[in-house]
Structure formats: structure tokens, C-alpha cells
Amino acid sequence: MLDPAGDAQYAGRRIDDSFERGLTLRCAEQLKQRLEQLFPQIHVVLTRLPGETVQPLQNANFANRLSVDLYLSIHFYHETATKPELLSTPMPIKMGK
């Protein structure tokens with residue numbers, strides 16, 4: 001499951017001449033397409049479409065109902081360093097089925 005930051009009400013950070021919500025959605029759509037091309041046996045789900053508004057915890061509940069194997073939340077921010085760093089935040093793992 002790919003969760004691009006932002007929604008119709010929350011544009012997110014301003015990045016050059018765009019906003020985070022648009023950039024993250026495009027990235028998630030392209031990543032979904034590429035993953036499904038490379039691994040036809042998997043199904044990638046996006047948590048939102050353009051124009052949708054997402055309620056707090058809606059995506060976590062959605063992921064739990066689908067019993068997804070991987071939940072990736074995608075956030076972008078403006079980086080001035082020549083070599084940006086990757087930020088990883090561990091999430092609790094749901095045990096048992």
C-alpha cells in the first residue's frame with residue numbers, strides 16, 4: 001500500500017512551483033505502475049486519488065482491513081543539501097491473522 005502525503009484539503013509543503021500532495025501522488029502512481037510491471041504477481045493499492053480528502057487514521061484502518069504486507073507513506077520536502085538523506089520511521093507490526 002502506497003500512501004502519498006496530502007489530500008484535497010491539505011496541500012502539504014510548497015516545493016518550488018508545486019505542492020507536496022501533487023508530487024507525492026505522481027511519485028506513488030509511477031511507483032505503483034513500475035512495481036506492477038516488474039512483479040506482476042503483486043497488487044499495489046494507493047490510499048487516495050486526486051481530489052479525495054482523507055480522514056485521520058482512515059488509511060491505517062484501510063491497510064489493516066486489507067491485511068497489506070507493506071505500508072509505505074511517501075512525503076517530500078525541499079532539500080538544499082546536494083545529497084538528501086532518507087528518513088525512516090519504524091511502525092508497529094500487526095501480529096497474527
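Provided above is the structure to which this section pertains.
Residues numbered from 1 in each chain as written. Predicted model: local features only at pLDDT ≥ 70, side-chain atom pairs only at ≥ 80, totals over all residues. Heavy atoms only, no water.

*Asks:* If you had to explain a nonpolar patch on the surface to someone new, which residues and values would you point to?
*Replies:* Together, Leu38, Phe39 and Ile42 give the surface a local cluster of nonpolar side chains, amounting to about 260 Å² of exposed area. Position of Leu38 relative to the elements: it lies in helix α1 (residues 20-38). (Patch = residues over 30% accessible without salt bridge, like charges linked within 9 Å, V, L, I, M, F, W, Y side chains within 5 Å. Areas by Shrake-Rupley, 256 points an atom, 1.4 Å probe, with all protein chains shown as cover. Salt bridge = Lys/Arg side-chain N within 4 Å of Asp/Glu carboxyl O. Helix = DSSP H or I, 4+ residues; strand = E, 2+ residues; numbered from the N terminus.)

*Asks:* Break down the pattern of salt bridges for me, citing the residues and quoting the values.
*Replies:* Counting across every chain of the model gives 1 salt bridge. The closest approach of N and O atoms between Lys32 and Glu36, which form a salt bridge, is 3.0 Å. Of the two residues, Lys32 and Glu36 both sit in helix α1, 4 residues apart, roughly one turn of that helix.

*Asks:* Give a description of unusual backbone geometry that names residues and reports values.
*Replies:* At Ser67, a position not held by glycine, the phi torsion is positive, near 50°. In this structure, Ser67 sits in the loop between α2 (58-66) and β4 (72-74).

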